[in-house]
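Each chain, written out:
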Amino acid sequence: MSNPVDEWHKLASYDTNIQGELHANLLKNNGIAVSLQALSAIPGLNSGLVIWVQQANLARANEILQNIDVTPAADD
């Protein structure tokens, strides 16, 4: 018998909350349940974010994040 808590796996870590939230919303829009873990207990502190997904969705979530088209900044 497995514990549902054990079925969550760390998918990705982000240096900023906004980047993590954007990627989490992309996953949610594709039907994947996510759990977000802030890296600071102080509200409003932009310290980073970790996205957790359930084991059943781990491969699909990785695939979605790997297919994000990143456009270089104009300054590069």
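The paragraphs below set out a description of the structure included in this document. Starting afresh in each chain, residues are numbered from 1 along the sequence in its written order. Owing to the predicted nature of the model, reporting of local features is limited to residues with pLDDT of at least 70; listing and counting of side-chain atom pairs is limited to 80 or more, with chain, interface and lining totals taken over all residues. With hydrogens and water excluded, all non-hydrogen atoms of the structure serve as input to the side-chain values.

1. Looking at helix α2 (residues 58–66)
Now for step 1: Under the scheme applied here, a residue whose accessible area is under 20% of the maximum for its type counts as buried, over 50% as exposed, and between as partly exposed, the area being computed with a 1.4 Å probe on protein chains only. Helix and strand labels come from DSSP, where a helix needs a run of H or I of at least four residues and a strand needs a run of E of at least two; each type is numbered from the N terminus. Those residues of α2 lying buried are Leu58, Ala61, Ile64 and Leu65. All buried residues of α2 fall inside an arc of 125 degrees around its axis, so they share one side. Turned more than 90 degrees from where α2 packs its buried face, Ala59 and Gln66 sit exposed.
Now for step 2: Tucked into the core, α2 has its buried residues touching β1 (8–14), α1 (17–29) and β3 (49–54). What the arc describes is the spread of directions from the helix axis to the C-beta atoms. Residue contacts follow a heavy-atom distance rule, with two residues in contact if any of their heavy atoms lie within 4.5 Å.

2. A look at the pattern of salt bridges
Now for step 1: The term salt bridge refers to a side-chain nitrogen of Lys or Arg lying within 4 Å of a carboxyl oxygen of Asp or Glu. Applying the stated criterion to the full structure yields one salt bridge.
Now for step 2: A salt bridge links Glu63 to Arg60; the nearest nitrogen and oxygen atoms lie 3.3 Å apart. A residue pair is termed a helical-turn pair when its members lie 3 or 4 positions apart in one helix, as Glu63 and Arg60 do in helix α2 at three residues.
Now for step 3: Judged by relative accessible area, which is 43%, Glu63 ranks as partly exposed.
Now for step 4: A relative accessible area of 40% means that Arg60 is categorised as partly exposed.

3. A look at α1
Now for step 1: Multiplying 1.5 Å by the helix residue count minus one yields the expected span of that helix. For α1, built from 13 residues, the straight-helix expectation of 18 Å at 1.5 Å per residue is met to within 8% by its first-to-last C-alpha distance of 18 Å.
Now for step 2: Among the residues making up α1, those that are buried are Asn17, Gly20, His23, Ala24 and Leu27. One side of α1 holds all its buried residues, which, seen down the axis, span an arc of 135 degrees. Among the exposed residues of α1, those pointing more than 90 degrees away from its buried face are Ile18, Leu22 and Asn29.
Now for step 3: Buried residues along α1 sit in contact with β1, β2 (34–38), β3 and α2.

4. Concerning the side chain of Asn17
Now for step 1: Relative to the elements of secondary structure, Asn17 occurs in helix α1.
Now for step 2: When near neighbours in sequence (up to four residues on either side) are disregarded, Asn17 contacts Leu45, Asn46, Ser47, Gly48 and Leu49.

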